[in-house]
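# Chain and residue survey
Letter by letter, the chains look like this.
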Amino acid sequence: MASGQKLFLLSIVALKTLGLVIENTFTTPNIGYKSLFDIADYMQYLVDINKNGLDLSGITTLTFKVKACHDASIIMSNSDDGNSSKPFMNFIIGGWYNQKSAIGRRNDDSLTPGSKQKKIFITPDICQCDEYRPFWISTTNGVLMMGKGLIVGINVIAEWTDLNPFTIRSIGIYTNVGTIGEWKVQIGVVNNLYDGCFSRCTTNYKAVLNILISKKNTSLLECAVLCDTLLTCIGLNYHNQSCELVSLSPGVIRNIPKKQEDGWEFHSKCYRYNGACLWCYF
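Presented here is an overview of the structure given in this document. Quick caveat, the model's predicted, so the values are computed rather than measured. (Residues numbered from 1 in each chain as written. Predicted model: local features only at pLDDT ≥ 70, side-chain atom pairs only at ≥ 80, totals over all residues. Heavy atoms only, no water.)

## Here we look at the state of the cysteines
- For the structure shown, the criterion picks out three disulfides.
- The residue that forms a disulfide with Cys227 is Cys233, at a sulfur-sulfur distance of 2.0 Å. A torsion of -100 degrees about the S-S bond marks the disulfide between Cys227 and Cys233 as left-handed. Of the two residues, Cys227 and Cys233, neither departs from the other in class, the shared state being buried.
- Take Cys127: it sits in no disulfide, and the sulfur closest to it among the cysteines is that of Cys129, at 8.7 Å.
- Cys127 sits in the buried class, given a relative accessible area of 5%. (Disulfide = S-S within 2.5 Å. Buried < 20%, exposed > 50% of the residue type's maximum accessible area, 1.4 Å probe, protein only.)

## Description of the packing of aromatic side chains
- As enumerated under the stated definition, the model contains four aromatic pairs in all.
- Arranged with centres 5.8 Å apart and planes meeting at 65 degrees, the rings of Tyr42 and Tyr45 form a pair that is edge-to-face.
- The exposure class assigned to Tyr42 is buried, which follows from its relative accessible area of 0%.
- Ring centres of Tyr42 and Tyr174 lie 5.5 Å apart, and the angle between their planes is 75 degrees; on these two criteria the pair is classed as edge-to-face. Residue Tyr42 is located in the loop between strand 2 (19-28) and strand 3 (47-48), and its partner Tyr174 is located in strand 12 (residues 170-175); the two are separated by 132 residues in the primary sequence.
- Judged by its relative accessible area of 2%, Tyr174 falls in the buried class.
- Each member of the aromatic cluster is reached from another via a ring pair, and the members are Tyr42, Tyr45 and Tyr174.
- If you follow Lys184 out to its NZ or CZ, it ends over the ring of Tyr132, 4.5 Å from the centre.
- Across the ring face of Tyr205, the terminal group of Lys258 is positioned such that the distance to the ring centre comes to 5.7 Å. (Phe/Tyr/Trp six-rings, centres within 6.5 Å; stacked < 30°, edge-to-face > 60°. Helix = DSSP H or I, 4+ residues; strand = E, 2+ residues; numbered from the N terminus. Lys NZ or Arg CZ within 6 Å of the ring centre and 35° of its normal.)

## Things to note about unusual backbone geometry
- Phi at Val177 is positive, roughly 60 degrees, even though this residue is not glycine.
- Within the element layout of this structure, Val177 appears in the loop between strand 12 and strand 13 (181-190).
- Look at Val177 and you get partly exposed, because its relative accessible area is 22%.

## Comments concerning the side chain of Thr175
- Looking at where Thr175 falls in the secondary structure, it is placed in strand 12.
- For Thr175, the side chain forms a polar contact with the side chain of Thr28, separated by 2.9 Å.
- For Thr175, the side chain forms a polar contact with the main-chain oxygen of Thr179, separated by 2.8 Å.
- If near-sequence neighbours (up to four positions away) are discounted, Thr175 is found in contact with Thr28, Pro29, Ile31, Ala68, Asp71, Ala72, Ile180, Gly181 and Trp183. (Polar contact = N/O pair within 3.5 Å; in protein donor to acceptor, adjacent residues only side chain to side chain. Contact = heavy atoms within 4.5 Å.)

Have a look at this one:
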């Protein structure tokens, strides 16, 4: 996983009613052909989307876009540290050279027949070499489903019930059979993951976003407390007792625009996963 960890770029944030949606862009390298039913330590071949502070423990749905000729694959694991002996589910989109998809499960790394299961579905030409195709995955209540598009539950292409569901603690992606993939993976961040903290992300810069409130003669603490009380406030610009509370417009943007102004500082709310302040990666 070490090589894959270097390939991702955090790129998009959007504000929605229930929280933030973060879209991470990843590249999955050519790993040749690797069968998860024949290799005990299969997790070593994954690009781990938990890095950059994303703790996905308990996640049950995932939406993403992928550009790959075939064999775009997702693993949802009960391990949070790449332990291949823990149970995991495998979702293959466009396998068998873009003719079939599959949902599989491996209970451990014993590679015994009783430790692995797989169900195959006919899905011809579902992937595209030069075009991002949108998909979703759901594991709610042990019902494992895949579908086309970004609306969970719509356009189902595969469904299988897992009789022994487990808590998902990490997600890895890969492209198999000599394929390289480009991914845009979306993670929803609910507002209750805001931990009450702020982090100074830039100095001599201010975020050029929607200004909710602009106040003079305000201390940094007073400015932060005011932002803390507003759900739509994602951070603040501050300079010499001048306070600007900022928010994102509806929809998706590709970065947080900012401009240089001497003395200004941009502070973000921290929506924490594993102790990492997401906003300071922009």
